[in-house]
Amino acid sequence: MGMTMTQKILAMHCGRESVKAGELVNAKLDLVMGSDVTSPIAIKAMERYGMDKVFDPSKVVLVMDHFAPNKDIQAAQNCAMVRKFARKMGIDNFYDGGRMGIEHALLPEQGFVAPGELIIGADSHTCTYGALGAFSTGIGSTDMAAGMFSGMSWFKIPPAIRVNLHGVFPKNVGGKDLILTLIGMIGVDGARYQSLEFCGDAVADISISDRFTICNMAIEAGAKNGIFPVDSKTIEYITGRVNRPYAIVTADPDAEYTRTIDIDLSTLKPVVAAPNLPSNVREAATFSGLHIDQVVIGCCTNGQLSDLRAAADIMRGKKIAHHVRCIIIPATWEVYRQAMHEGIVDCFLDTGATVSMPTCGPCNGGHVGVLASGERCVSTTNRNFVGRMGPQNSEIYLASPAVAAASAVAGCIAIPDSEEV
């Protein structure tokens, strides 16, 4: 029996010709990533077990992005601990201050991700990097400690679901609508400990930014990882970023999948995930006119330049509704800088929006936009759990940048090109 893309990558990294779903393996790591929230726990674990080195300082990346710039004393203490650890271990890939970006956008941008690589990160949305044909997955801080020390980690080989894509996105519909639609179809546990492998003739027309968005939210369906095949768009993205050898893997024709899901992109419509699960997906028009208090556009799921462009195209020449707070969060400083050069930041400021520094911010209830009791937010982030962005009775509606931008202008949930916008 043949292997899927994910199985081939894991086989390569554990020195075997083939692996089967369900097997337990130890595999070599190409990269280990941690944040200001997860790294301190890993550092304490290393100290507790006498791990006094990292396997390769160049293959450890530490990004201060969740509560940075520091929102309080504890956040500052956490970053100080990680900063000291990075110096002690000789880790140059320490991102803070003006170098910092949201980790899952920063790592691909800075060339830390290449096709065929195996990457673990102490954050559940590490699965983002599958957009570039890598195997990447989130792990706990203790596994991060072991990975930093040994350069190895254990894995249970996942079975896979094949998602066959065809057709072309309609106007103002994109990757966020696709992944939300898929999660709505299969549920938050529909791909539990499986690989979501995207394929089909539509892949060639899906942008790298949309692929990042789709793989980022694979975890919201319970998946171990999401992965796209490597094509000309992938090569174009990594050219000039990655200067090391890499391996391109393709699924075998006789690879075994637990199921195949066919999706015609041309049939998709703008959707939202209503509280309190990413699987509670409905057409955005279902909630048209629903009062909102805040809009968040950006973060690791939809903070790429193309996402900001999509929002700006809808908001240009308009004003944010007087009762709405609109917060724009570019994913990295490079995205921020390019948005400035293109006049996108001016566009947002002219509408009355706030443009934040790159940070996870309100996505996990950290800072820069935490909700008040009873407030409702439309957000391009990835989770809408109870209490995720503030009090337990606040509400989050997950949506694309286009829907979020239209809603910010309308003052209620709205779809682009509607009369309300």
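Residues numbered from 1 in each chain as written. Predicted model: local features only at pLDDT ≥ 70, side-chain atom pairs only at ≥ 80, totals over all residues. Heavy atoms only, no water.

Before going further, it helps to spend a moment on the overall build of the protein. When you go through the protein residue by residue, the secondary structure sums to 13 helices and 18 strands. In terms of overall size, the protein behaves like a compact globule, its C-alpha atoms giving a radius of gyration of 20 Å where 421 residues would be expected to give roughly 22 Å. Projected onto its principal axes, the C-alpha coordinates of the protein cover approximately 60 × 50 × 40 Å. Scored against the burial criterion, the 421 residues of the protein give a buried share of 60%. When contacts within the protein are restricted to residue pairs at least 6 apart in sequence, those whose partners lie at least 24 apart make up 76%. Counting only carbon and sulfur atoms, one obtains 50% of the accessible surface of the protein, whose full area is about 15,900 Å². (Helix = DSSP H or I, 4+ residues; strand = E, 2+ residues; numbered from the N terminus. Rg over C-alpha atoms; globule rule 2.2 N^0.38 Å. Buried < 20%, exposed > 50% of the residue type's maximum accessible area, 1.4 Å probe, protein only. Contact = heavy atoms within 4.5 Å. Areas by Shrake-Rupley, 256 points an atom, 1.4 Å probe, with all protein chains shown as cover.)

Below, the discussion takes up the UniProt feature "binding site: [4Fe-4S] cluster" (unreviewed entry) in the protein. Here the UniProt feature "binding site: [4Fe-4S] cluster" (unreviewed entry) sits at C300, C360 and C363. Spanning 64 residues, the annotated positions come together in the fold, the maximum distance between their C-alpha atoms being 9.2 Å. Considering the arrangement of structural elements, one finds C360 in the loop between β16 (354–355) and β17 (376–379). Residue C360 is classed as buried on the basis of its relative accessible area, which comes to 10%. Dropping the residues within four chain positions of it, C360 is found in contact with D65, H66, I102 and C299. The topology assignment puts C363 in the loop between β16 and β17. Sequence-distant contacts of C363, that is, excluding residues within four places in its chain, are made with C299, T381, N382, R388 and M389. (UniProt positions renumbered as here; feature names shortened; annotations may be inferred.)

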